[in-house]
Amino acid sequence: LLLPRGGKMAHAKSEKAPGFPYVVILAAIAFCALVPHAAHGEDTRIPIYVQSTSNDTTGEAFLYSLRERINRSTRYRLADSDALSLFQLRVVTLDQNPQYPGYSTVYAVTLTATRIVEPNLKLYLNQWVGYCGSSRINECATDVLAGMDATAGPIVESLRSSFKQR
């Protein structure tokens, strides 16, 4: 998934590849983010940035619950910005019925990942749409996080195992 354009891994030599130091720095950052350093007390959870657009109270509560669940996760943590994240959740919510505001929200969530070799480009990974009543906000947030983990988890484990082999 995190391959350069064309889908083939390029074997760059430092004397010929103009962006080589940049790629090495990004690989080192990814390594530090993915390889456990628990002995030093560092947070080894994977950074996720949540970008949201919401104008309804139920949607805001859903987003709050989603962020709280990410931060309480043993695998993931909230990132302060898109640039500091490995994965991004882009969420939009709307009142399900404007005549009865606050009873429910509809949401659309897109999961993207940062390309290690081209960090300004994001890879589309998955998307979800759903309806959430105000009494089920926590369950909806848990469902979105579980769906994100089902998609991102294997990528994280693959990156961890490839760094362990080096």
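Okay, so let's go over this structure. (Residues numbered from 1 in each chain as written. Predicted model: local features only at pLDDT ≥ 70, side-chain atom pairs only at ≥ 80, totals over all residues. Heavy atoms only, no water.)

1. Examining the packing of helix α2 (residues 57–72) against helix α3 (residues 137–164)
Then, in step 1: For the pair α2 and α3, the least separation of the axes is 8 Å and the interaxial angle reads 50 degrees. Our classification of the angle between α2 and α3 gives oblique. In the crossing of α2 with α3, the sense of the turn from one axis to the other is right-handed. Contact residues: Thr58, Ala61, Phe62, Ser65, Leu66, Arg69 and Ile70 in α2; Ile137, Asn138, Cys140, Ala141, Thr142, Val144 and Leu145 in α3.
Then, in step 2: Per-class residue counts for the contact of α2 with α3 are 9 nonpolar, 4 polar and 1 charged. (Axes fitted to C-alpha atoms, helices over the stretch in contact; angles between N-to-C directions. Helix = DSSP H or I, 4+ residues; strand = E, 2+ residues; numbered from the N terminus. Parallel < 35°, antiparallel > 145°, perpendicular 65-115°, else oblique. Left-handed = near helix turned anticlockwise from the far one by under 90°. Contact = heavy atoms within 4.5 Å. Nonpolar A, V, L, I, M, F, W, Y, C, P; charged D, E, K, R; others polar.)

2. Details of a nonpolar patch on the surface
Then, in step 1: Judged by side-chain polarity, Val92, Leu94, Val106 and Tyr131 come together as a nonpolar surface patch covering roughly 350 Å² of accessible area.
Then, in step 2: Mapped onto the elements of the fold, Val92 is located in strand β3 (residues 87–95). (Patch = residues over 30% accessible without salt bridge, like charges linked within 9 Å, V, L, I, M, F, W, Y side chains within 5 Å. Areas by Shrake-Rupley, 256 points an atom, 1.4 Å probe, with all protein chains shown as cover. Salt bridge = Lys/Arg side-chain N within 4 Å of Asp/Glu carboxyl O.)

3. Focus on the side chain of Thr112
Then, in step 1: Inspection of the secondary structure puts Thr112 in strand β4 (residues 104–114).
Then, in step 2: There is a polar contact of 2.7 Å between the side chain of Thr112 and the side chain of Gln88.
Then, in step 3: A distance of 3.4 Å separates polar atoms of two side chains, one belonging to Thr112 and the other to Arg90.
Then, in step 4: Not counting chain neighbours up to four residues away, the residues in contact with Thr112 comprise Leu86, Phe87, Gln88, Arg90, Lys122, Leu123, Tyr124 and Leu125. (Polar contact = N/O pair within 3.5 Å; in protein donor to acceptor, adjacent residues only side chain to side chain.)

4. Here's the deal with the sheet that holds β4
Then, in step 1: Taken together, 5 strands build an open sheet; the order of strands is β2-β1-β3-β4-β5 and the sheet is mixed. Both outer strands of the open sheet, β2 (76–78) and β5 (122–133), are each paired with one neighbouring strand and no more. Strand after strand, the sheet turns through a mean of 25 degrees between neighbouring axes, direction not considered.
Then, in step 2: Contacts between α3 and the sheet are confined to β1 (46–54), β2, β3, β4 and β5, with β5 contributing the most and set at about 160 degrees to the helix. (Pairing = 2+ DSSP bridges.)

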